[in-house]
Amino acid sequence: MPAEKPEGNALILKQKEEVIAMFSIVVCAHGDLAESLKRSVEMIFGEAKAFYPVRFVQGENVEDIKKKLTDTIEGNHLKDVLIFTDIFCGSPYNASAAYAMTNSGIEVISGVNLPLCLEAVSNQQIKSLDEIIDWLRSVAPDTFKVLKDVLTNQEEEEQL
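What counts, and where the lines are drawn
Residues numbered from 1 in each chain as written. Predicted model: local features only at pLDDT ≥ 70, side-chain atom pairs only at ≥ 80, totals over all residues. Heavy atoms only, no water. Helix = DSSP H or I, 4+ residues; strand = E, 2+ residues; numbered from the N terminus. Contact = heavy atoms within 4.5 Å. Polar contact = N/O pair within 3.5 Å; in protein donor to acceptor, adjacent residues only side chain to side chain. Patch = residues over 30% accessible without salt bridge, like charges linked within 9 Å, V, L, I, M, F, W, Y side chains within 5 Å. Areas by Shrake-Rupley, 256 points an atom, 1.4 Å probe, with all protein chains shown as cover. Salt bridge = Lys/Arg side-chain N within 4 Å of Asp/Glu carboxyl O.

Enquirer: Whenever I open this one, the environment of Glu-74 confuses me. Can you help?
Expert: Mapped onto the secondary structure, Glu-74 falls in helix α2 (residues 62-75). Residues in contact with Glu-74, not counting those within four places in the same chain, are Leu-69, Tyr-99 and Asn-103. Polar contacts involving the side chain of Glu-74 include one to the side chain of Tyr-99, which spans 3.4 Å.

Below you can see the structure in the form of structure tokens.
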């Protein structure tokens, strides 16, 4: 069911008055990464209703990406938007940063990965944009593990 125009900072489903999200997620990345992350999130959680992939393909430039961001965000009446990008200072990041600097309610995080997307999606109904930024800062170091470190920690714990 399509979302109504935003009411406050949350997208509302008309039928149930259910809050879909207190913030929307846009993933802007090179190639198919954004769409692949959305498909992976949906494989784990089911439909991601306030998650919008924006693809950057060869031959495009920062202005092309800014237009896609504008079309996605303004075309869907999004307020309070978390934009994930893949590479700090890459074209998707630069376009997202430029968009964020001229529009309020936009936060940009580089270094997107599936665990961060899952954290963001699982908190869309309970955290504000500012709260999710703080939360992601705190959990980001745990979104990757080095096997050798995990095994060493297990060995140390077993010896106690």
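Here the narrative resumes, following the displayed structure.
Enquirer: Got a minute to help me understand unusual backbone geometry in this structure?
Expert: Excluding glycine, a negative phi dihedral is what most residues carry, and trans is how most peptide bonds are arranged. With a phi angle near 55°, His-77 is a residue other than glycine that sits in the positive phi range. Assignment of secondary structure puts His-77 in the loop between α2 and β5 (81-85). At Cys-89, a position not held by glycine, the phi torsion is positive, near 70°. Relative to the assigned elements, Cys-89 resides in the loop between β5 and α3 (91-101).

Enquirer: Is there a simple way to think about a nonpolar patch on the surface in this case?
Expert: Together, Met-43, Ile-44 and Phe-45 make up a nonpolar patch on the protein surface, roughly 360 Å² of accessible area in all. Here Phe-45 lies in helix α1 (residues 33-45).

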